[in-house]
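Architecture and fold: a report
So the chains spell out like this:
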Amino acid sequence: MKAIQLEKPQNFRPIEIPEPSAPRPGEALVRIHRVGICGTDYSGYLGKMPFYSYPRIPGHELGVEVVALGEGATNVKPGDRCSVEPYMNCQQCFACQRGNSNCCENLKVLGVMMDGGMCEQMILPVRKLHPSRKLSFEQLALVETLAIGCHAVSRGNPQPGENVLVIGAGPIGLSVIEFVKLSGAKCIVLDLNQQRLDFCKQKMGVAETILSKGDGSELAALKALSGGTLAQLVIDATGSNQSMSNALNYVGHTGKLVFVGITTQEVSFGHPLMHRREMTLLASRNALPPDFARIITLIEDGRIDTQPWITHHAKFEEMIDVFPSWLRPESGVIKAVVHV
Ligand SMILES: NC(=O)c1ccc[n+]([C@@H]2O[C@H](COP(=O)([O-])OP(=O)(O)OC[C@H]3O[C@@H](n4cnc5c(N)ncnc54)[C@H](O)[C@@H]3O)[C@@H](O)[C@H]2O)c1
Ligand SMILES: [Zn+2]
Ligand SMILES: [Zn+2]
């Protein structure tokens, strides 16, 4: 069957791989219909993703159909449309034993540290499938991106009426915004890019945005928007160590800061600021199984509108040629989806 492999950075190639064998107990054979492309795929392509190894079949944001099941599967049946939780955890380590499969000590993410879903069919653990009767394959492929924001907001646990500052309005920031809105907190978005802020206002229903000019005016703007209290929760989704180091300035007294963006650089800050305001600093990695089920219900019930999200499409055969164009900011990509 056909697959697309990232042989080395900047070098995709079509390949033939063997058909998967029959599913064993606890496994499912699935047909892949849609693959969402995200920042991880772009950094893997550019050779800038530290956890990525080559050659690799990418694809971790998947909308799939169950073809056949091994023994013991109760959560899905053949023909079901599913979203896939792409975090393959060991089920043995301390984190797994505590139910934190999102940050397993031996975690392998599909399409990053092991071959993913840019192919026709694959075998997956049945416990990683989250079915929906209503959602399209495209919507199911979007669930994982939304899960990143869902988990980050759960970590910060904002309360109705609080001020939440989201820094960075890329796809991960947008997924954070969806769940800040659902929490009933007030969402303020900060970015360097006016176009992305405009998108938040026009398509995401965000009332307040702040353009980062790097001249200190951002803090004054946040003070004005928050009645002087600053943000009770700041979620940094930039992946910029400069932004992450500076983000503490926006956290009000007793407030929290969540790092959902990832940097390989050092993050540093003066401790008195953190101490004086008694801040809480949190990391957010991947997402938990109940996040997937929750998001599917939210989309089914119309409480999350996926319509603004999917901006670009490509057929499987076109993907290799089209992919580099999605890297250009002027293409305006939020989420590109490949039709397998
Ligand atoms: N927590 C997780 O499990 C997880 C999962 C997937 C991706 N990520 C990470 O999330 C981050 C964001 O991903 P994305 O796809 O949305 O990236 P992106 O590059 O599309 O978006 C980042 C946004 O941040 C803005 N930005 C950059 N520096 C800034 C600054 N100093 N001040 C204000 N805004 C700034 C950019 O203009 C851009 O709009 C990345 O670091 C990615 O690796 C985390
Ligand atoms: Zn992704
Ligand atoms: Zn584990």
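Here's a quick rundown of the structure. Just so you know, these numbers come straight off a predicted model, no measurement behind them. (Residues numbered from 1 in each chain as written. Chains lettered and ligands numbered in written order. Predicted model: local features only at pLDDT ≥ 70, side-chain atom pairs only at ≥ 80, totals over all residues. Heavy atoms only, no water.)

1. Section: the coordination of the zinc ion (ligand 2)
What counts, and what does not: Donor atoms: N, O and S within 2.8 Å of the metal, or within 3.2 Å for Na, K and Ca. Because water is excluded, sites can look incomplete.
Those protein atoms acting as donors to the zinc ion (ligand 2) are Cys38 (SG), His60 (NE2) and Glu61 (OE), and they sit at 2.1 to 2.3 Å. All donors of the zinc ion (ligand 2) belong to a single chain; written as a sequence motif, their spacing is C-x21-H-E.

2. With respect to the coordination of the zinc ion (ligand 3)
The condition that has to hold: Only two sets of limits are used to name each site, 85 to 135 degrees for every angle of a tetrahedral four-donor site, and over 155 degrees for opposite donors with all other angles from 65 to 115 for a square planar four-donor or octahedral six-donor site, with any other site named irregular.
Binding of the zinc ion (ligand 3) to the protein goes through Cys90 (SG), Cys93 (SG), Cys96 (SG) and Cys104 (SG), at separations of 2.3 to 2.4 Å. What the 4 donor atoms of the zinc ion (ligand 3) show is an angle range of 102 to 121° at the metal, which sorts the shape as tetrahedral. Here the donor residues of the zinc ion (ligand 3) share one chain and are spaced in sequence as C-x2-C-x2-C-x7-C.

3. A short note on the packing of aromatic side chains
The test is simple: Any pair of Phe, Tyr and Trp rings, taking the six-membered ring for Trp, is counted once the centres come within 6.5 Å. Such a pair is stacked with planes under 30 degrees apart, edge-to-face with planes over 60 apart, and tilted for the rest. By the criteria applied, helices consist of DSSP H or I runs no shorter than four residues and strands consist of E runs no shorter than two, each listed in order from the N terminus. Two limits define a charge over a ring: the Lys NZ or Arg CZ must be within 6 Å of the ring centre, and within 35 degrees of the ring normal.
Here the structure, examined in full by the defined rule, presents 7 aromatic pairs. Judged by centre distance (4.9 Å) and plane angle (55°), the ring pair of Tyr45 and Phe323 falls under tilted. Taken together, the residues span a long stretch of sequence, with Tyr45 in helix H1 (residues 39–46) and Phe323 in helix H10 (residues 319–326) at a distance of 278 residues. Taken together, the aromatic side chains of Phe12, Tyr42, Tyr45, Phe323 and Trp326 make up a single cluster linked through ring pairs. Over the ring of Phe137 we find Arg81, and its NZ or CZ is 5.9 Å from the ring centre.

4. Observations concerning the packing of helix H3 (residues 137–156) against helix H4 (residues 171–183)
Where we set the bar: Here an angle of 0 to 180 degrees is reported between the N-to-C directions of two axes, which are lines fitted to C-alpha atoms, with helices fitted over the stretch in contact. In this scheme, roughly parallel covers angles under 35 degrees and roughly antiparallel covers those over 145, while 65 to 115 is roughly perpendicular and the rest are oblique. Handedness of a crossing follows from how the near helix is turned relative to the far one, being left-handed for an anticlockwise turn of less than a right angle and right-handed for a clockwise one. In what follows, residue pairs with any heavy atoms lying within 4.5 Å of each other are defined as contacts. When residue character is reported, Ala, Val, Leu, Ile, Met, Phe, Trp, Tyr, Cys and Pro are called nonpolar, Asp, Glu, Lys and Arg charged, and the others, Gly included, polar.
Where H3 meets H4, the axes come as close as 7 Å, and the angle between the chain directions of the two elements is 55°. The angle between H3 and H4 places the two elements in the oblique class. Two packed elements cross with a definite hand, and for H3 against H4 that hand is right-handed. Touching Thr145, Leu146, Ile148, Gly149, Cys150, Ala152 and Val153 of H3 are Pro171, Ile172, Ser175, Val176, Glu178, Phe179 and Val180, all from H4. Of the residues in the contact of H3 with H4, the class split is 10 nonpolar, 3 polar and 1 charged.

5. Quick word on the pattern of salt bridges
Test applied: A carboxyl oxygen of Asp or Glu within 4 Å of a side-chain nitrogen of Lys or Arg is what we treat as a salt bridge. Burial classes follow relative accessibility: with a 1.4 Å probe on protein chains only, a residue under 20% of its type's maximum area counts as buried, one over 50% as exposed, and anything between as partly exposed.
Per the stated rule, a full pass over the model turns up 8 salt bridges. Across the pair Arg24 and Glu27 runs a salt bridge whose closest N-O atoms are separated by 2.9 Å. Overall, Arg24 belongs to the exposed group, its relative accessible area being 56%. Linking Asp115 and Arg56 is a salt bridge whose minimum nitrogen-to-oxygen distance equals 2.9 Å. With Asp115 in the loop between strand E7 (108–109) and strand E8 (121–125) and Arg56 in the loop between H1 and strand E4 (61–69), the pair connects residues that are 59 residues apart, well separated along the chain.

Geometric descriptors of this kind do not, in isolation, establish any biological role.
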